[in-house]
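Summary of the model geometry
Take a look at the letters that make up each chain.
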Amino acid sequence: AIINSTDGYTIFVFNGTYYETIYINKSVNLIGEKRNLTEIDGEYNEIIIHLKKDNIQIKNFTIRNSNGNYRNSGIRIESDKNSIFNCSIYRTKTGIHLKNAFSNIIDNCTFYNNGDGILLESSQNNIISGSLICHNSIGVCFENANNNQISLNYMHSNGYACLINGSSNIVINHCNISDNQANHGGIYINDCKNIQIKNNIISHNGIGIHLYSSEKI
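Presented here is a report on the structure given in the accompanying data block. (Residues numbered from 1 in each chain as written. Predicted model: local features only at pLDDT ≥ 70, side-chain atom pairs only at ≥ 80, totals over all residues. Heavy atoms only, no water.)

**Some words on the sheet that holds strand β2 (residues 16-19)**
If you trace the nine strands from one edge of the open sheet to the other, you get β2-β5-β8-β11-β14-β17-β20-β23-β26, paired in parallel fashion. Strands at the two margins of the open sheet, each flanked by one partner only, are β2 and β26 (201-203). If you compare each strand with its neighbour and ignore which way they point, the axes differ by 10 degrees on average. Across three bridges, the pairing between strand β20 (residues 154-156) and strand β23 (residues 176-178) is parallel. Directly across from H156, in β23, lies its bridge partner S178. (Pairing = 2+ DSSP bridges. Helix = DSSP H or I, 4+ residues; strand = E, 2+ residues; numbered from the N terminus. Axes fitted to C-alpha atoms, helices over the stretch in contact; angles between N-to-C directions.)

**Some details on the environment of Q57**
Assignment of secondary structure puts Q57 in strand β7 (residues 57-59). As a C-alpha pair, Q57 and T38 span 19 residues in sequence and 16 Å in three-dimensional space. Among all residues touching Q57, those that are not within four sequence positions of it are V28, N29, L30, I31, S83 and F85. (Contact = heavy atoms within 4.5 Å.)

**What to know about the sheet that holds strand β16 (residues 127-129)**
Taken in spatial order, the nine strands make up an open sheet running β1-β4-β7-β10-β13-β16-β19-β22-β25, and their pairing is parallel. The sheet is open, and its two edges are formed by β1 (10-13) and β25 (193-198), each paired on a single side. The mean inter-strand angle of the sheet, taken between neighbouring strand axes irrespective of direction, is 5 degrees. Summarising the sheet, β16 and strand β19 (residues 148-151) pair through three bridges and their orientation is parallel. Its bridge partner being in β19, I128 is matched across the sheet by I150.

**Digging into the packing of aromatic side chains**
Two numbers describe a pair of aromatic rings. These are the distance of the centres and the angle of the planes. Applying the stated criterion across every chain yields a total of three aromatic pairs. Judged by centre distance (4.9 Å) and plane angle (10 degrees), the ring pair of Y90 and Y112 falls under stacked. Of this pair, Y90 sits in strand β11 (residues 88-90) while Y112 sits in strand β14 (residues 110-112), placing them 22 residues apart in sequence. With a centroid separation of 5.7 Å and 65 degrees between ring planes, the pair formed by Y160 and Y188 is classed as edge-to-face. Separated by 28 residues along the polypeptide, Y160 in strand β21 (residues 160-165) and Y188 in strand β24 (residues 185-190) bring together distant segments of the chain. (Phe/Tyr/Trp six-rings, centres within 6.5 Å; stacked < 30°, edge-to-face > 60°.)

**Things to note about the nonpolar core**
Judged by nonpolar contacts, the single largest core of 46 residues is most densely connected at I24, I84 and I164. One finds L119, I138, C141 and Y160 within the second-largest nonpolar core, a separate group that totals five residues. (Core = buried A, V, L, I, M, F, W, Y, C linked by side-chain atoms within 4.5 Å. Buried < 20%, exposed > 50% of the residue type's maximum accessible area, 1.4 Å probe, protein only.)

**Some thoughts on the side chain of N65**
Within the secondary structure layout, N65 lies in strand β8 (residues 62-66). You can call N65 buried: its relative accessible area is 3%. What N65 contacts, discounting residues up to four positions off in sequence, is D41, G42, E43, Y44, N45, I48, Y90, R91 and T92.

Dropping the structure here:
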């Protein structure tokens, strides 16, 4: 369907389990019928859904089973102004990997049993909101990623809820960060500056907030 589509086209996917990987290089809307019943199983391939064009929308899917090697992912975003809505992603190395990606939105999604729930690598001006992020090694990881925001998320039972490395101008607000791993747990900030953490609940973690070589927190 994507091969025969043009920019702006909407592709509706009926309930079912689809064993495949998807490469998207057109600005299309890929909409599942019902989140828990429209499943894409990557069969342990490197990337399950790969976004290479701007202005793509992915909505109402369960995405599972990427390979477990470094940087393998349920969704890889290497483009701008995309939206991921109402999706569940599990059993992947990285649920969503944003690489050199700008101004994307991830909203009302669930990430569980992944290596990283969400990884932002050299990516800016992205928003992660209204999501459940649990039972991952790292809930949300920022690597050299600036000017991003996470808000209204519930982050529990992760190794680290949030790991921020070499990044600046990150805003974490109105999140519940609770019951993460006893040895680490909450928010780990390394070599960063201008990190805003406000109006959050941070409780029952091994460490609430760990600061190292950082300033203007």
